[in-house]
Amino acid sequence: MTNVTKNNKSIKIKAPIVEALKQAYENPTYQFHIPGHTKGNGVLPDFKKLVGSKALSIDTTDEFDNLGTLHPATGPIKEAQELAAKAFGAKKTFFLLNGSTAGNLAIGMGLTKKGQRILTNRNCHRSILTGLIISGAEPLWLVPKRFDDWGIWGNITPESVEEALSSHDDISMVWITNPTYEGVVSDVKSISAICKKYRVPLVVDEAHACLWNFNKHLPTPALQFGADIVIHSLHKTGGSMSQSSMLHVSENSMIDADALEKSLKLLHTTSPSLILLASLDAARANLESPKGKKQLERAISNAKYLRSEIDKMEHIHHLKPDFGYMTDVTKVFIRADGLSGKRLESILEIEFGIEVESASDAGLLLLSNLGNTRSDMQYLVKCLQMIDQSHYSDICYLENKKHMPMLTPIIKMSLREAFYSEKETIPKDLSVGRISAEVIAECPPGIAVLLPGELITAEHLPYLTDYDFIEVIK
Ligand SMILES: Cc1ncc(COP(=O)(O)O)c(C=O)c1O
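1. Some details on the overall build of the protein chain
Of the regular secondary structure elements, the protein chain holds 15 helices and 21 strands. A globule of 474 residues ought to have a C-alpha radius of gyration of about 23 Å, and the protein chain, at 23 Å, matches this closely. The principal-axis extents of the C-alpha atoms in the protein chain amount to approximately 65 × 55 × 50 Å. Within the protein chain, the fraction of its 474 residues that count as buried is 45%. For the protein chain, the proportion of contacts with a sequence separation of at least 24, taken over those separated by at least 6, is 68%.

Laid out in structure tokens, this is it:
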């Protein structure tokens with residue numbers, strides 16, 4: 001329980017897992033159970049020094065010390081999930097370890113079936129495809145807008161969803177990603193209304209948008225538009241530790257929450273880390289607290305400041321909202337005239353000690369986070385100003401270079417059939433005309449260039465620079 005004061009009133013923000021872990025730490029027992037390092041006594045001393053003995057002494061799994069269990073949810077873990085559901089406006093929330101990936105796998109495994117058609121965007125995360133490989137359901141591709149100048153995929157239009165639903169009566173789920181990795185926001189309100197009209201459940205992979213419910217200057221979260229399931233990677237931007245995410249089932253969801261829960265149980269570790277679970281509980285409590293709200297306000301104001309300073313620059317530009325789409329202000333995608341995103345990334349890293357979220361040929365992504373201070377942002381602005389005024393060159397920069405794989409897939413086999421077929425590995429240069437047997441998706445952001453079952457054509461080769469060999473169907 002954290003006591004905070006607001007307008008001279010004391011508010012209690014509950015964080016049950018954090019509290020239970022604290023109790024366990026303060027009331028140690030003689031431990032003859034896993035984890036075998038026993039409160040850090042059995043680890044490499046250098047590692048203990050690095051992470052701290054306190055962190056190791058609270059490293060435990062569920063079932064012990066009255067900490068509750070994850071599957072089924074009991075005790076403080078159950079209570080923490082209920083508080084999260086309330087905070088995010090869901091009927092039920094599941095804590096995920098192995099990130100949002102675990103949520104997407106469970107949705108595929110528990111809620112889709114062999115032969116069903118799932119309408120999803122081609123630039124979806126590879127975990128959605130893995131979910132479909134598990135079940136044998138087939139994707140029907142929605143092709144989002146392309147933003148050629150920026151080398152990125154754009155928004156999914158409601159018209160494209162309506163078009164697909166009106167011309168295919170066998171679509172059993174619409175599973176979209178919003179926002180994109182670079183912060184492009186689709187019109188989910190209209191998409192949700194269309195799904196309701198056709199009585200098809202809507203799943204929104206909102207991995208990059210867990211903050212939206214906590215500040216009115218951010219876009220509206222899909223749960224408020226009646227999406228049936230929403231996934232959030234709290235660890236990406238919400239302040240929890242790496243790998244920890246949440247899956248929310250909405251109040252009037254059409255989906256079978258029991259089937260989903262069974263799949264989550266089957267896919268999860270049977271030894272969930274209490275530190276990771278506590279970090280989810282703490283992240284939710286922080287976002288609800290006045291301090292967390294201030295951190296988010298600061299992240300938004302820092303992002304606005306960065307954008308307004310970039311507006312004054314001559315050669316550096318940032319992606320702004322435009323007709324048909326919005327952007328998440330905290331995700332600042334920039335490009336520089338005459339410099340590839342990768343070159344700009346290396347200048348920032350090598351010369352200024354700045355690490356960015358990701359970079360492509362076209363541009364790079366900067367996140368204005370809960371934890372960034374104003375002086376972090378001022379330093380970034382100063383460095384960008386110096387780059388803007390300097391004469392850096394980039395021999396790899398090509399005007400109008402094709403930055404992203406926008407190729408229409410030629411599907412020769414189903415995803416699942418191809419994934420489980422006999423395969424061989426061949427040099428990339430010999431792969432044209434063969435059928436891909438693997439998901440080729442560079443991370444981040446993990447968007448597919450080729451999927452199992454798709455014909456490899458000469459047009460794919462420029463996008464496969466990181467590959468010398470490719471797995472194909474025998
Ligand atoms: C849209 C999207 N969905 C899901 C994931 C998987 O998330 P996680 O890393 O939490 O497993 C990612 C990861 O980048 C993503 O970009």
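2. Some remarks on the packing of helix 12 (residues 290–311) against helix 14 (residues 374–389)
Put simply, helix 12 and helix 14 touch, their axes get as near as 10 Å, and they point 15° apart. Comparing their axes, helix 14 and helix 12 come out roughly parallel. Note on packing geometry: the crossing formed by helix 12 with helix 14 is right-handed. Here helix 12 contributes Asn302, Tyr305, Leu306, Glu309 and Ile310 to the contact with helix 14, which in turn contributes Arg374, Met377, Leu380, Val381 and Leu384.

3. Remarks on the sheet that holds strand 16 (residues 358–359)
One open sheet holds the four strands; their spatial order is 13-15-17-16, and the pairing between them is antiparallel. Unpaired on one side and paired on the other, strand 13 (316–318) and strand 16 mark the two borders of the sheet. Here strand 15 (residues 331–336) pairs with strand 17 (residues 364–367) via four bridges, running antiparallel. From the neighbouring strand, Val332 faces strand 17, where its bridge partner is Leu366.

4. Looking at the site of the ligand
Gly99, Ser100, Thr101, His125 and Ala207 are the nearest of the 15 residues found near the ligand. Of the residues contributing to the shell around the ligand, the split by class is four nonpolar, 10 polar and one charged. Both domain 2 (98–267) and domain 4 (415–473) contribute no fewer than three residues apiece to the shell around the ligand.

5. A look at the domain arrangement of the protein chain
Per the domain assignment, the segments of the protein chain are domain 1 (2–57), domain 2 (98–267), domain 3 (297–389) and domain 4 (415–473). A C-alpha centroid distance of 27 Å is found between domain 2 and domain 3. Across the boundary between the two partners, domain 2 contributes 20 residues, which contact 20 residues of domain 3. Tallied by class, the residues present in the side of domain 2 that touches domain 3 amount to nine nonpolar, 10 polar and one charged.

6. With respect to the pairing of strand 17
Looking at chain direction, strand 16 and strand 17 are connected through two bridges and run antiparallel. Across the sheet, Ser358 pairs through a bridge with Leu365, a residue of strand 17. The turn linking strand 16 back onto strand 17 is made up of four residues.

7. Quick word on the sheet that holds strand 3 (residues 92–96)
Here we have seven strands laid out as an open sheet, ordered 3-12-11-10-8-4-5, and mixed in their pairing. Because the sheet does not close on itself, it has two edges, and the strands there are strand 3 and strand 5 (138–142). If you compare each strand with its neighbour and ignore which way they point, the axes differ by 20° on average. For strand 11 (residues 229–232) and strand 12 (residues 245–249), the ladder comprises four bridges, and the chain directions are antiparallel.

8. Quick notes on the nonpolar core
Residues Ile17, Ala227 and Leu277 are the most contacted members of the largest nonpolar core, which totals 118 residues. Excluding anything up to four places from it in sequence, Leu277 contacts Ile17, Leu70, Ile77, Phe95 and Pro272.

9. Details of the packing of helix 7 (residues 158–167) against helix 8 (residues 188–197)
Two elements in contact, helix 7 and helix 8, have axes whose closest approach is 9 Å; the angle formed by their N-to-C orientations is 15°. Here helix 7 lies roughly parallel to helix 8, going by the angle between them. Classified by chirality, the crossing of helix 8 by helix 7 is right-handed. Residues Pro158, Val161, Glu162 and Leu165 of helix 7 pack against Ser190, Ile191 and Ile194 of helix 8. Of the residues assigned to the contact of helix 7 with helix 8, the class counts are five nonpolar, one polar and one charged.

10. A look at the environment of Phe333
Inspection of the secondary structure assignment puts Phe333 in strand 15. You can call Phe333 buried: it has 27 C-beta atoms within 10 Å. For Phe333 and Leu276, which are 57 residues apart along the polypeptide, the C-alpha to C-alpha distance reads 30 Å. Ignoring sequence-local partners within four residues, the contact set of Phe333 consists of Trp150, Glu182, Gly183, His318, Leu319, Gly363 and Leu365.

11. Focus on unusual backbone geometry
The peptide bond linking Ile34 to Pro35 adopts the cis configuration, its omega dihedral lying at -5°. Among the secondary structure elements, Pro35 is positioned in the loop between helix 1 (16–26) and helix 2 (45–51). Residues Asn178 and Pro179 are joined by a peptide bond in cis, for which omega reads 0°. The backbone of Gln243 shows a phi angle near 90°, a positive value even though the residue is not glycine.

12. Section: the pairing of strand 11
Burial along strand 11 is two-sided: Ile229 and Ile231 and Val230 and His232, pointing in opposite directions, are all buried. Sheet analysis places strand 10 (residues 202–205) next to strand 11, joined by three bridges and oriented parallel. Across the sheet, the residue bridging to Val204 is Val230, located in strand 11.

13. Structural notes on helix 1
Within helix 1, the full set of buried residues consists of Pro16, Ile17, Val18, Ala20 and Leu21. Against helix 4 (75–88) and helix 11 (274–288) lie the buried residues of helix 1.

14. Some words on helix 14
The α-helix advances 3.6 residues per turn, and as a result positions three or four apart in sequence lie on the same side. Under the 1.5 Å per step criterion, the end-to-end length of helix 14 is 23 Å for 16 residues, consistent within 8% with the ideal 22 Å. What helix 14 keeps buried is the set Met377, Leu380, Leu384 and Ile387. With its buried residues spanning 80° around the axis, helix 14 presents them on a single face. Exposed residues on helix 14 whose side chains face more than 90 degrees from its buried face are Arg374, Ser375, Lys382 and Gln389. The secondary structure elements touched by the buried residues of helix 14 are helix 12, strand 13, strand 15 and helix 13 (341–352).

The rules behind these values
- Residues numbered from 1 in each chain as written.
- Predicted model: local features only at pLDDT ≥ 70, side-chain atom pairs only at ≥ 80, totals over all residues.
- Helix = DSSP H or I, 4+ residues; strand = E, 2+ residues; numbered from the N terminus.
- Rg over C-alpha atoms; globule rule 2.2 N^0.38 Å.
- Buried ≥ 20, exposed ≤ 12 C-beta atoms within 10 Å, placed from the backbone.
- Contact = placed C-beta atoms within 7 Å.
- Axes fitted to C-alpha atoms, helices over the stretch in contact; angles between N-to-C directions.
- Parallel < 35°, antiparallel > 145°, perpendicular 65-115°, else oblique.
- Left-handed = near helix turned anticlockwise from the far one by under 90°.
- Pairing = 2+ DSSP bridges.
- Near = placed C-beta within 6 Å.
- Nonpolar A, V, L, I, M, F, W, Y, C, P; charged D, E, K, R; others polar.
- Domains from an automatic or database assignment.
- Core = buried A, V, L, I, M, F, W, Y, C linked by C-beta atoms within 7 Å.
- Expected span 1.5 Å × (residues − 1).
- Arc of directions from axis to C-beta.

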